[in-house]
Amino acid sequence: MRARNGLLVAVLLAVLSGGGVRAQETPPANDLLLATLWTQRAVEYRANALTVYALARIRLDEALADRSWTAAPAEQKGDFQTLPPAIVLDVDETLLDNSKYQVWLMRADQSFSTKSWNQFCAAQISAAIPGAVEFTKYADSKGVKVFYVTNRGVETEKDTRENMAKLGFPLGGNVDTFLMQGEKPDWTGAKSTRRAVIARDYRILLNIGDNLGDFDDRYRSSEADRVKAFEAGMPYWGKQWLMLPNPTYGSFDTAPYGHDFKKPRDEQRKAKWDVLESWSGPAQP
(Lines give C-alpha, C1' and ligand atoms only; values in the text may rest on other atoms or scores of the structure.)
Protein backbone atom coordinates (compact mmCIF):
# COMPACT_ATOMS: atom_id res chain seq x y z
CA MET A 1 0.00 0.00 0.00
CA ARG A 2 2.84 2.37 0.87
CA ALA A 3 4.45 1.67 -2.50
CA ARG A 4 1.19 2.32 -4.29
CA ASN A 5 0.63 5.61 -2.45
CA GLY A 6 4.17 6.64 -3.18
CA LEU A 7 3.61 5.98 -6.87
CA LEU A 8 0.44 8.11 -6.88
CA VAL A 9 2.27 10.98 -5.23
CA ALA A 10 5.08 10.72 -7.77
CA VAL A 11 2.62 10.75 -10.68
CA LEU A 12 0.79 13.75 -9.23
CA LEU A 13 4.00 15.69 -8.79
CA ALA A 14 5.04 14.84 -12.33
CA VAL A 15 1.74 16.12 -13.72
CA LEU A 16 1.89 19.33 -11.72
CA SER A 17 5.44 20.02 -12.81
CA GLY A 18 4.77 19.14 -16.45
CA GLY A 19 2.70 20.78 -19.17
CA GLY A 20 -0.69 19.29 -18.29
CA VAL A 21 -1.84 20.76 -14.99
CA ARG A 22 0.31 23.37 -13.32
CA ALA A 23 0.26 24.45 -9.72
CA GLN A 24 -0.88 28.07 -9.33
CA GLU A 25 2.14 30.29 -8.97
CA THR A 26 2.24 33.08 -6.40
CA PRO A 27 2.38 36.42 -8.25
CA PRO A 28 5.65 38.25 -7.63
CA ALA A 29 5.61 41.35 -5.43
CA ASN A 30 5.04 44.51 -7.47
CA ASP A 31 4.92 48.16 -6.44
CA LEU A 32 1.91 48.75 -8.71
CA LEU A 33 -0.40 46.09 -7.27
CA LEU A 34 -2.37 47.90 -4.55
CA ALA A 35 -2.63 51.20 -6.43
CA THR A 36 -3.81 49.51 -9.63
CA LEU A 37 -6.26 47.31 -7.74
CA TRP A 38 -7.75 50.46 -6.19
CA THR A 39 -8.11 52.41 -9.42
CA GLN A 40 -9.54 49.46 -11.34
CA ARG A 41 -11.76 47.73 -8.78
CA ALA A 42 -12.57 50.04 -5.84
CA VAL A 43 -15.98 51.69 -5.65
CA GLU A 44 -14.21 54.23 -3.42
CA TYR A 45 -12.15 55.36 -6.41
CA ARG A 46 -15.25 55.72 -8.58
CA ALA A 47 -16.99 57.73 -5.86
CA ASN A 48 -13.93 59.96 -5.57
CA ALA A 49 -13.88 60.67 -9.31
CA LEU A 50 -17.63 61.35 -9.38
CA THR A 51 -17.18 63.78 -6.48
CA VAL A 52 -14.51 65.74 -8.35
CA TYR A 53 -16.65 66.03 -11.47
CA ALA A 54 -19.74 66.99 -9.45
CA LEU A 55 -17.68 69.82 -7.93
CA ALA A 56 -16.46 70.72 -11.44
CA ARG A 57 -20.06 71.41 -12.52
CA ILE A 58 -20.55 73.75 -9.57
CA ARG A 59 -17.28 75.57 -10.22
CA LEU A 60 -18.03 75.85 -13.94
CA ASP A 61 -21.34 77.58 -13.28
CA GLU A 62 -19.63 79.92 -10.82
CA ALA A 63 -16.93 80.72 -13.37
CA LEU A 64 -19.43 81.48 -16.13
CA ALA A 65 -21.11 84.01 -13.83
CA ASP A 66 -17.83 85.71 -12.85
CA ARG A 67 -16.00 87.46 -15.70
CA SER A 68 -12.84 87.89 -13.61
CA TRP A 69 -12.51 84.13 -13.05
CA THR A 70 -9.54 82.41 -14.69
CA ALA A 71 -7.76 79.11 -14.08
CA ALA A 72 -4.63 80.26 -15.92
CA PRO A 73 -3.18 83.03 -13.72
CA ALA A 74 0.25 82.86 -15.33
CA GLU A 75 -0.90 82.55 -18.95
CA GLN A 76 -4.06 84.69 -19.10
CA LYS A 77 -3.08 88.16 -20.31
CA GLY A 78 -4.76 91.45 -21.17
CA ASP A 79 -8.51 91.92 -21.33
CA PHE A 80 -9.34 88.24 -20.98
CA GLN A 81 -12.74 88.95 -19.44
CA THR A 82 -14.25 89.41 -22.91
CA LEU A 83 -12.89 86.14 -24.34
CA PRO A 84 -15.12 83.10 -24.94
CA PRO A 85 -14.96 80.44 -22.20
CA ALA A 86 -12.93 77.24 -22.26
CA ILE A 87 -11.75 74.53 -19.91
CA VAL A 88 -8.46 72.62 -19.99
CA LEU A 89 -8.24 68.96 -19.06
CA ASP A 90 -5.45 66.42 -18.95
CA VAL A 91 -6.32 63.08 -20.59
CA ASP A 92 -4.65 60.08 -18.95
CA GLU A 93 -6.07 59.20 -15.53
CA THR A 94 -8.10 62.43 -15.70
CA LEU A 95 -10.46 61.48 -18.52
CA LEU A 96 -9.16 58.08 -19.60
CA ASP A 97 -8.58 55.06 -17.37
CA ASN A 98 -5.43 53.25 -18.53
CA SER A 99 -5.26 50.73 -15.70
CA LYS A 100 -5.17 47.85 -18.21
CA TYR A 101 -1.73 49.07 -19.28
CA GLN A 102 -0.59 49.11 -15.65
CA VAL A 103 -1.82 45.52 -15.22
CA TRP A 104 0.09 44.48 -18.33
CA LEU A 105 3.25 46.09 -16.94
CA MET A 106 2.91 44.01 -13.79
CA ARG A 107 2.13 40.72 -15.50
CA ALA A 108 4.88 41.15 -18.11
CA ASP A 109 7.36 42.44 -15.48
CA GLN A 110 8.00 45.52 -17.59
CA SER A 111 8.64 49.19 -16.90
CA PHE A 112 7.00 52.00 -18.84
CA SER A 113 8.32 52.49 -22.37
CA THR A 114 7.12 54.81 -25.10
CA LYS A 115 6.97 51.88 -27.53
CA SER A 116 4.62 49.72 -25.45
CA TRP A 117 2.61 52.78 -24.37
CA ASN A 118 2.01 53.85 -27.97
CA GLN A 119 0.96 50.30 -28.80
CA PHE A 120 -1.50 50.43 -25.93
CA CYS A 121 -2.88 53.76 -27.19
CA ALA A 122 -3.28 52.21 -30.66
CA ALA A 123 -5.44 49.44 -29.15
CA GLN A 124 -7.98 52.15 -28.17
CA ILE A 125 -9.21 50.24 -25.11
CA SER A 126 -8.95 53.01 -22.50
CA ALA A 127 -12.19 53.49 -20.57
CA ALA A 128 -13.69 56.76 -19.35
CA ILE A 129 -13.06 57.91 -15.79
CA PRO A 130 -16.41 57.99 -13.93
CA GLY A 131 -18.11 61.35 -14.45
CA ALA A 132 -15.68 62.58 -17.11
CA VAL A 133 -17.83 62.20 -20.22
CA GLU A 134 -20.88 63.65 -18.53
CA PHE A 135 -18.97 66.69 -17.28
CA THR A 136 -17.30 67.50 -20.60
CA LYS A 137 -20.64 67.18 -22.36
CA TYR A 138 -22.17 69.51 -19.78
CA ALA A 139 -19.44 72.09 -20.39
CA ASP A 140 -19.90 71.76 -24.15
CA SER A 141 -23.66 72.26 -23.78
CA LYS A 142 -22.94 75.54 -21.97
CA GLY A 143 -20.93 76.85 -24.92
CA VAL A 144 -17.60 76.17 -23.20
CA LYS A 145 -14.82 74.89 -25.49
CA VAL A 146 -13.23 71.73 -24.08
CA PHE A 147 -9.45 71.49 -24.65
CA TYR A 148 -7.35 68.38 -24.03
CA VAL A 149 -3.76 69.17 -23.05
CA THR A 150 -2.07 65.79 -22.89
CA ASN A 151 1.46 64.44 -22.71
CA ARG A 152 0.58 61.64 -25.07
CA GLY A 153 2.93 62.03 -28.02
CA VAL A 154 1.68 63.60 -31.24
CA GLU A 155 2.06 60.20 -32.93
CA THR A 156 -0.86 58.93 -30.81
CA GLU A 157 -3.26 61.77 -31.66
CA LYS A 158 -5.37 59.83 -34.16
CA ASP A 159 -5.77 56.86 -31.83
CA THR A 160 -6.52 59.15 -28.88
CA ARG A 161 -9.19 61.05 -30.81
CA GLU A 162 -10.85 57.83 -31.99
CA ASN A 163 -10.79 56.27 -28.51
CA MET A 164 -12.34 59.39 -26.97
CA ALA A 165 -14.89 59.76 -29.76
CA LYS A 166 -16.12 56.22 -29.10
CA LEU A 167 -16.57 57.11 -25.44
CA GLY A 168 -18.58 60.24 -26.25
CA PHE A 169 -16.18 63.06 -25.38
CA PRO A 170 -16.78 66.33 -27.30
CA LEU A 171 -14.08 66.76 -29.95
CA GLY A 172 -14.25 70.50 -30.61
CA GLY A 173 -15.95 70.75 -33.98
CA ASN A 174 -13.88 72.90 -36.32
CA VAL A 175 -11.40 73.82 -33.55
CA ASP A 176 -8.39 71.57 -32.88
CA THR A 177 -8.87 70.89 -29.18
CA PHE A 178 -6.15 68.22 -28.82
CA LEU A 179 -2.79 69.73 -27.85
CA MET A 180 -0.34 66.83 -27.87
CA GLN A 181 3.21 66.73 -26.55
CA GLY A 182 5.68 67.31 -29.38
CA GLU A 183 3.08 68.73 -31.75
CA LYS A 184 5.15 71.95 -31.82
CA PRO A 185 8.81 72.43 -30.86
CA ASP A 186 8.04 74.13 -27.53
CA TRP A 187 5.24 71.75 -26.57
CA THR A 188 7.27 69.65 -24.15
CA GLY A 189 6.13 67.76 -21.07
CA ALA A 190 5.70 71.12 -19.32
CA LYS A 191 2.22 72.33 -20.22
CA SER A 192 2.31 76.10 -19.69
CA THR A 193 3.19 76.83 -23.34
CA ARG A 194 0.07 75.02 -24.49
CA ARG A 195 -2.14 76.74 -21.92
CA ALA A 196 -0.74 80.05 -23.14
CA VAL A 197 -1.85 79.23 -26.70
CA ILE A 198 -5.40 78.57 -25.49
CA ALA A 199 -5.40 81.65 -23.23
CA ARG A 200 -4.77 83.95 -26.20
CA ASP A 201 -8.24 83.22 -27.57
CA TYR A 202 -10.21 81.88 -24.59
CA ARG A 203 -10.86 82.60 -20.94
CA ILE A 204 -9.79 79.39 -19.19
CA LEU A 205 -12.37 78.68 -16.50
CA LEU A 206 -11.10 75.39 -15.08
CA ASN A 207 -7.96 73.26 -15.20
CA ILE A 208 -8.45 69.58 -14.31
CA GLY A 209 -5.69 66.98 -13.99
CA ASP A 210 -4.17 64.19 -11.91
CA ASN A 211 -0.57 65.38 -11.58
CA LEU A 212 1.07 68.57 -10.30
CA GLY A 213 2.50 68.97 -13.81
CA ASP A 214 -1.00 69.58 -15.16
CA PHE A 215 -1.01 72.85 -13.21
CA ASP A 216 2.61 73.87 -12.59
CA ASP A 217 5.77 73.35 -14.64
CA ARG A 218 7.81 72.75 -11.46
CA TYR A 219 6.42 69.23 -11.07
CA ARG A 220 9.77 67.50 -11.73
CA SER A 221 11.68 69.40 -9.09
CA SER A 222 12.76 68.20 -5.64
CA GLU A 223 10.18 67.14 -3.10
CA ALA A 224 10.74 70.38 -1.16
CA ASP A 225 10.24 72.52 -4.28
CA ARG A 226 7.14 70.52 -5.20
CA VAL A 227 5.68 71.42 -1.80
CA LYS A 228 6.44 75.09 -2.47
CA ALA A 229 4.73 74.90 -5.86
CA PHE A 230 1.71 73.22 -4.28
CA GLU A 231 1.51 75.88 -1.57
CA ALA A 232 1.80 78.69 -4.13
CA GLY A 233 -1.29 77.29 -5.85
CA MET A 234 -3.29 77.13 -2.63
CA PRO A 235 -5.78 79.86 -3.68
CA TYR A 236 -6.76 77.73 -6.73
CA TRP A 237 -7.04 74.16 -5.42
CA GLY A 238 -10.66 73.07 -5.28
CA LYS A 239 -11.79 76.17 -7.14
CA GLN A 240 -10.18 76.85 -10.52
CA TRP A 241 -7.92 73.78 -10.23
CA LEU A 242 -9.36 70.31 -9.60
CA MET A 243 -7.26 67.19 -9.04
CA LEU A 244 -8.22 63.57 -9.75
CA PRO A 245 -6.54 60.82 -7.67
CA ASN A 246 -3.85 58.73 -9.36
CA PRO A 247 -1.72 56.53 -7.10
CA THR A 248 -0.32 54.40 -9.94
CA TYR A 249 2.23 56.80 -11.47
CA GLY A 250 3.26 60.44 -11.69
CA SER A 251 5.87 62.90 -10.53
CA PHE A 252 5.11 62.04 -6.87
CA ASP A 253 6.47 58.57 -7.62
CA THR A 254 9.70 59.76 -9.25
CA ALA A 255 10.53 62.72 -6.99
CA PRO A 256 12.17 60.62 -4.23
CA TYR A 257 14.87 59.43 -6.65
CA GLY A 258 15.30 62.76 -8.40
CA HIS A 259 13.28 61.77 -11.50
CA ASP A 260 16.33 59.81 -12.69
CA PHE A 261 14.63 57.13 -14.77
CA LYS A 262 17.96 55.41 -15.50
CA LYS A 263 18.38 54.32 -11.90
CA PRO A 264 17.81 50.58 -11.32
CA ARG A 265 14.46 49.59 -9.84
CA ASP A 266 16.08 48.58 -6.54
CA GLU A 267 17.61 52.04 -6.13
CA GLN A 268 14.32 53.70 -7.01
CA ARG A 269 12.50 51.59 -4.44
CA LYS A 270 15.08 52.28 -1.72
CA ALA A 271 14.76 56.02 -2.33
CA LYS A 272 11.01 55.75 -1.82
CA TRP A 273 11.46 53.76 1.37
CA ASP A 274 13.96 56.28 2.69
CA VAL A 275 11.61 59.29 2.44
CA LEU A 276 8.73 57.61 4.33
CA GLU A 277 8.02 58.62 7.91
CA SER A 278 7.29 55.77 10.31
CA TRP A 279 5.91 55.07 13.73
CA SER A 280 8.65 53.86 16.06
CA GLY A 281 6.58 50.80 17.03
CA PRO A 282 5.26 49.47 20.32
CA ALA A 283 7.17 50.38 23.46
CA GLN A 284 9.43 47.59 24.59
CA PRO A 285 8.63 46.11 28.03
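Use the structure listed above.
Residues numbered from 1 in each chain as written. Predicted model: local features only at pLDDT ≥ 70, side-chain atom pairs only at ≥ 80, totals over all residues. Heavy atoms only, no water.

Visitor: Go over the side chain of Arg-195 with me, naming the residues and quoting the values.
Guide: Within the secondary structure, Arg-195 is located in helix α8 (residues 192-201). Leaving out residues up to four positions away in the same chain, Arg-195 has contacts with Glu-75, Ile-204, Asn-207, Asp-214, Phe-215 and Asp-217. (Helix = DSSP H or I, 4+ residues; strand = E, 2+ residues; numbered from the N terminus. Contact = heavy atoms within 4.5 Å.)

Visitor: Residue-level account of the packing of helix α4 (residues 99-108) against helix α5 (residues 114-123), with values.
Guide: The N-to-C vectors of α4 and α5 enclose an angle of 135°; their axes lie 11 Å apart at closest approach. One finds that α4 runs oblique with respect to α5. Note that α4 runs across α5; the crossing there is right-handed. Residues Lys-100, Tyr-101 and Trp-104 of α4 form the contact with α5, whose own contacting residues are Ser-116, Trp-117 and Phe-120. Broken down by class, the residue content of the contact of α4 with α5 amounts to four nonpolar, one polar and one charged. (Axes fitted to C-alpha atoms, helices over the stretch in contact; angles between N-to-C directions. Parallel < 35°, antiparallel > 145°, perpendicular 65-115°, else oblique. Left-handed = near helix turned anticlockwise from the far one by under 90°. Nonpolar A, V, L, I, M, F, W, Y, C, P; charged D, E, K, R; others polar.)

Visitor: Which residues make up the pattern of salt bridges, and what values do they have?
Guide: As enumerated under the stated definition, the model contains 15 salt bridges in all. The shortest N-O distance in the salt bridge between Glu-157 and Arg-161 comes to 3.1 Å. Of this pair, Glu-157 and Arg-161 both sit in helix α7 (residues 157-167), four residues apart, roughly one helical turn. Owing to a relative accessible area of 24%, Arg-161 belongs among the partly exposed residues under this scheme. A salt bridge links Asp-214 to Lys-191, with the shortest nitrogen-to-oxygen separation between them at 2.7 Å. With Asp-214 in the loop between β6 (203-209) and α9 (223-232) and Lys-191 in the loop between β5 (178-181) and α8, this residue pair connects regions lying 23 residues apart in the sequence. One network of salt bridges, in which partners are shared, links Asp-31, Asp-266 and Arg-269. (Salt bridge = Lys/Arg side-chain N within 4 Å of Asp/Glu carboxyl O. Buried < 20%, exposed > 50% of the residue type's maximum accessible area, 1.4 Å probe, protein only.)

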